[in-house]
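Notes for the structure review
Here is how the chains run, residue by residue.
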Amino acid sequence: MARETRLSVDQLVAPLFLVEGEGVRDEIASMPGQYRLSVDEMERELSELAEVGIPAVALFPAVDESVKDPTGSEALNPDGLIPRALRAAKRAAPDILTISDVALDPYSSDGHDGIVKDGRILNDESVEVLAQMALVQAAAGADIVAPSDMMDGRVGAIREALDEGGYTDVAILAYTAKYASAFYGPFRDALDSAPRHREGIPPDKKTYQMDPANSREALRELHLDLDEGADMVMVKPALPYLDVIFRLAEVSDVPLAAYHVSGEYAMLSAAARNGWLDRRDAVMESLIAIRRAGADIVLTYFAKEVARWLSE
Ligand code: PBG
């Protein structure tokens, strides 16, 4: 009764990794218990998630190296992995909201969220492709598109493209304060999407993702995204950035999400596996802390497990 903060299943989003094929359930080495799923296996997973009451999933594609190119053109393929998965998801679990990722890194032979030229990321050229990418996803049935690319001006460009295409009711979840973080390592392993170590390719994402030392800048990103029409905003990663979550929650007039990222999952899983932490207690404490800081929605790889614990 006296608790100030609560966690419930309807605040949780489960991120899922997808891969081509049939009957594929390929465990990710640095994320034990998380898998690259073929679309049929995703359908099975969605039924389980629906059963435990998870309201939404965020889909990420592990794209075959052979279809990657410098402009990430596969991201615009209406029959690509993600559009097919979005259509299948609506058939398999019509009540689960689908959130599709808008960024080029899974499709880019350079491993960047935007297009690279002469060692730099081309912001405006990238934004044009990203807006088209959001349109392809909306056409395939995405309920929410989530630009995670951190280019400037992409939220406004995506809103305009969606509205012109007739997708006025597709929402935008903006990765607003996305930090250039070491905690995305396991995710990049899962998708093989890390920046490539090659001449002329920036070795990290520090020119577009945020400096971990900055929090005032997160407010600036928030105001830009809200002005451009974001329906929801996000801080990412979660636990190392509770102060940023708190700061944005105080002023945001749209729902605030926090992404409990792959590295956070990996740390907790590894310690629990070694018997160094109690998995359930440590996970529940982490998630309530993220809620206490002010997140309304939490994306977490623990979503299904937590849903079960909450129902006990
Ligand atoms: C890339 C993207 C990343 C994540 C979500 N979208 C990684 C990156 O920026 O390199 C990370 C999620 C996680 O670590 O769980 N657009």
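Please refer to the structure placed before this passage.
What comes next concerns the included structure. Bear in mind the structure is a predicted one, so any value in this text is a computation, not a measurement. (Residues numbered from 1 in each chain as written. Predicted model: local features only at pLDDT ≥ 70, side-chain atom pairs only at ≥ 80, totals over all residues. Heavy atoms only, no water.)

What follows concerns the site of the ligand. Taken together, 17 residues sit near the ligand, with Arg-188, Lys-205, Lys-236, Ser-262 and Tyr-301 positioned nearest. Separating an oxygen atom of the ligand from a side-chain N or O atom of Lys-205 is a distance of 2.7 Å. Contacts to the ligand include Lys-236, whose side-chain N or O atom sits 3.4 Å from a nitrogen atom. Protein contacts shield 100% of the accessible area of the ligand, which totals 400 Å² for the unbound molecule. Tallied by class, residues from the shell around the ligand come to 8 nonpolar, 3 polar and 6 charged. (Near = heavy atom within 4 Å. Polar contact = N/O pair within 3.5 Å; in protein donor to acceptor, adjacent residues only side chain to side chain. Areas by Shrake-Rupley, 256 points an atom, 1.4 Å probe, with all protein chains shown as cover. Nonpolar A, V, L, I, M, F, W, Y, C, P; charged D, E, K, R; others polar.)

A general trend in soluble globular proteins is that nonpolar side chains are found buried together. Met-42 and Ile-245 are the most contacted members of the largest nonpolar core, which totals 111 residues. With sequence-adjacent residues up to four places away left out, Ile-245 is seen in contact with Val-235, Ala-238, Leu-256, Ala-258, Ile-290, Ala-293, Gly-294 and Ala-295. (Core = buried A, V, L, I, M, F, W, Y, C linked by side-chain atoms within 4.5 Å. Buried < 20%, exposed > 50% of the residue type's maximum accessible area, 1.4 Å probe, protein only. Contact = heavy atoms within 4.5 Å.)

Attention shifts here to helix α4 (residues 154-164). Inspection of α4 places Arg-154, Val-155, Gly-156, Ile-158, Arg-159, Ala-161 and Leu-162 among the buried residues, and these make up the whole buried set. Packed against the buried residues of α4 are β5 (97-102), α3 (123-139), β8 (144-147), β9 (171-178) and α6 (216-228). (Helix = DSSP H or I, 4+ residues; strand = E, 2+ residues; numbered from the N terminus.)

Another aspect to go through is the packing of helix α1 (residues 39-52) against helix α2 (residues 81-92). Running from N to C, α1 and α2 cross one another at 35°; their axes reach a closest spacing of 10 Å. Judged by the twist between their axes, the crossing of α1 over α2 is right-handed. Along its contact with α1, which presents Val-39, Met-42, Glu-43 and Leu-46, the element α2 presents Leu-81, Ala-85, Ala-88, Ala-89 and Ala-92. For the contact of α1 with α2, the residue count by class is 8 nonpolar, no polar and 1 charged. (Axes fitted to C-alpha atoms, helices over the stretch in contact; angles between N-to-C directions. Left-handed = near helix turned anticlockwise from the far one by under 90°.)

Attention now goes to helix α8 (residues 262-273). For α8, spanning 12 residues, the distance from its first C-alpha to its last is 16 Å, which sits close to the expected 16 Å at 1.5 Å a residue. For α8, the tally of buried residues reaches 9 of 12 residues, placing the bulk of the element in the interior. When we look at burial in α8, the residues that qualify are Ser-262, Gly-263, Glu-264, Tyr-265, Ala-266, Leu-268, Ser-269, Ala-271 and Ala-272. Contacts from the buried residues of α8 go to β3 (31-37), α5 (185-191), β11 (256-260) and α9 (279-293). Directly after α8, the chain includes Gly-275, whose backbone phi takes a positive value near 75°. (Expected span 1.5 Å × (residues − 1).)

Glancing now at the environment of Pro-195. Turning to its location among the elements, Pro-195 is positioned in the loop between α5 and α6. If we skip the residues at most four places from it in the chain, Pro-195 touches Asp-110, Gly-111, His-112, Arg-188, Pro-202, Pro-203, Asp-204 and Lys-205.

Within the structure shown, the criterion is met by 10 aromatic pairs. Geometrically, the ring pair formed by Phe-17 and Phe-60 is tilted, given 6.3 Å between the ring centres and 40° between the ring planes. Of this pair, Phe-17 sits in strand β1 (residues 12-18) while Phe-60 sits in strand β4 (residues 56-61), and the two are 43 residues apart along the sequence. Taking the relative accessible area as the measure of exposure, Phe-17 reaches 1% and is therefore buried. Residues Tyr-259 and Tyr-301 carry aromatic rings whose centres are separated by 6.1 Å and whose planes lie at 45° to one another, so their mutual orientation is tilted. With Tyr-259 in strand β11 and Tyr-301 in the loop between β12 (297-300) and α10 (303-311), this pair connects stretches of sequence that are 42 residues apart. Exposure class is identical for Tyr-259 and Tyr-301. Each is buried. Of the aromatic side chains, those joined through ring pairs into one cluster are Phe-17, Phe-60, Tyr-175, Phe-187, Tyr-259, Tyr-265, Tyr-301 and Phe-302. Across the ring face of Tyr-35, the terminal group of Arg-25 is positioned such that the distance to the ring centre comes to 4.6 Å. The ring centre of Tyr-184 lies 4.6 Å from the NZ or CZ of Lys-236, which sits over that ring. (Phe/Tyr/Trp six-rings, centres within 6.5 Å; stacked < 30°, edge-to-face > 60°. Lys NZ or Arg CZ within 6 Å of the ring centre and 35° of its normal.)

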